[in-house]
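# An overview of the molecular structure
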Amino acid sequence: MTDSSPPPSPPATRSTYRHGDLRRALLDAGIELARQGGPDAVVLREATRRAGVAPNAAYRHFANRDDLLGAVRAAAVAAAARFMEAELAQVPTTGTATAQAHAKVRAVGTGYLRFARVETGLFRTAFGGRFTVQQTPDPAMGGATGLNPFEHLSAALDALVATGALPPARRPGAEYLAWSTVHGMALLAIDGPLRGTPQQMLDVLEQRLLDMVVRGI
């Protein structure tokens, strides 16, 4: 999977409040703050300043800073799902069912790694802090297909089982093993010892890592 295609469009932002859409304006401002500085940068007062309204106006839509951050986090998770969907859209429809299932797992991982690299602030917001895997998925965390990142990964692993590439006995919990492996690489690249590594070398390492995930699940 190459990295030549443009990234999916990020969540839209707006610099000023337009009558009747204050919640969206505040959310857009919060998303931009997260994009620039991660979850710690999401401050309700700054969001209201960017939206062009008095601070008290925000409380009609968000009870407090954590309430706004929760909405921003949901939007960031949805953005990650869209990156995965962009990679999944490139999976060839030809070849064996097993090859396609392997390609889907690789696409989900590639999308996750690209999101971490291209939208680092949103990545930290999406998967840091209080993010949890919910039993009842939040629709706000879904991408264009309605699926969130965890659901995309689960679907890809289910496809491996359906083609016989993954024994059913090894399916339970496989999401967490694959996710933790790819997440670890993402953190090493953006915050750890691999930070500053030439992108060409990171691309090779990431694809080898995904080879390992696909073979080892």
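In the block above lies the structure referred to throughout.
For clarity, every value in this text was computed on a predicted model and none was experimentally measured.

Conventions we followed
- Residues numbered from 1 in each chain as written.
- Predicted model: local features only at pLDDT ≥ 70, side-chain atom pairs only at ≥ 80, totals over all residues.
- Heavy atoms only, no water.
- Phe/Tyr/Trp six-rings, centres within 6.5 Å; stacked < 30°, edge-to-face > 60°.
- Buried < 20%, exposed > 50% of the residue type's maximum accessible area, 1.4 Å probe, protein only.
- Helix = DSSP H or I, 4+ residues; strand = E, 2+ residues; numbered from the N terminus.
- Core = buried A, V, L, I, M, F, W, Y, C linked by side-chain atoms within 4.5 Å.
- Contact = heavy atoms within 4.5 Å.
- Salt bridge = Lys/Arg side-chain N within 4 Å of Asp/Glu carboxyl O.
- Axes fitted to C-alpha atoms, helices over the stretch in contact; angles between N-to-C directions.
- Parallel < 35°, antiparallel > 145°, perpendicular 65-115°, else oblique.
- Left-handed = near helix turned anticlockwise from the far one by under 90°.
- Nonpolar A, V, L, I, M, F, W, Y, C, P; charged D, E, K, R; others polar.

### Regarding the packing of aromatic side chains
As enumerated under the stated definition, the model contains nine aromatic pairs in all. Note on F115 and F123: the rings are 6.2 Å apart at their centroids and 65° apart in plane angle, and the pair reads as edge-to-face. A single burial state applies to F115 and to F123, both of which are buried. Ring geometry for F115 against F127: centres 6.5 Å apart, planes inclined by 85°, an arrangement best described as edge-to-face. A residue pair is termed long-range when its members are at least 10 positions apart, and F115 in helix α4 (residues 97–118) and F127 in helix α5 (residues 120–127) qualify at twelve residues. Just as F115 is buried, F127 falls in that class too. Here the aromatic residues F83, Y112, F115, F123, F127, F150, Y176 and W179 are joined through ring pairs into a cluster of three or more.

### Brief notes about the nonpolar core
Grouped together as the largest cluster of nonpolar side chains are 59 residues, with contacts concentrated most on F115, F123 and F127. At the level of elements, α1 (22–37), α2 (44–51), α3 (65–88), α4, α5, α6 (149–162), α7 (174–190) and α8 (199–216) are the ones that each hand at least two residues to this core. Beyond its immediate chain neighbours, meaning those up to four positions away, F123 contacts Y112, F115, A116, G128, H183, A186, L187 and I190.

### Here we look at the pattern of salt bridges
Side-chain pairs of opposite charge can arise where the charged atoms are in close proximity. Considering all chains together, one arrives at twelve salt bridges under this definition. Across the salt bridge formed by D158 and R171, the nearest N and O atoms sit 2.9 Å from each other. Placement of the pair is D158 in helix α6 and R171 in the loop between α6 and α7, with a sequence separation of 13 residues. The partly exposed category is assigned to D158, whose relative accessible area is 42%.

### Thoughts on the packing of α4 against α7
Contact geometry of α4 with α7 gives a least axis separation of 10 Å together with a crossing angle of 25°. Taken together, the axes of α4 and α7 are roughly parallel relative to one another. Our pair here, α4 against α7, has a crossing hand that is right-handed. Across from G109, Y112, L113 and A116 in α4, the residues of α7 making contact are W179, V182, H183, M185, A186 and I190. Looking at side-chain class alone, the contact of α4 with α7 contains eight nonpolar, two polar and no charged residues.

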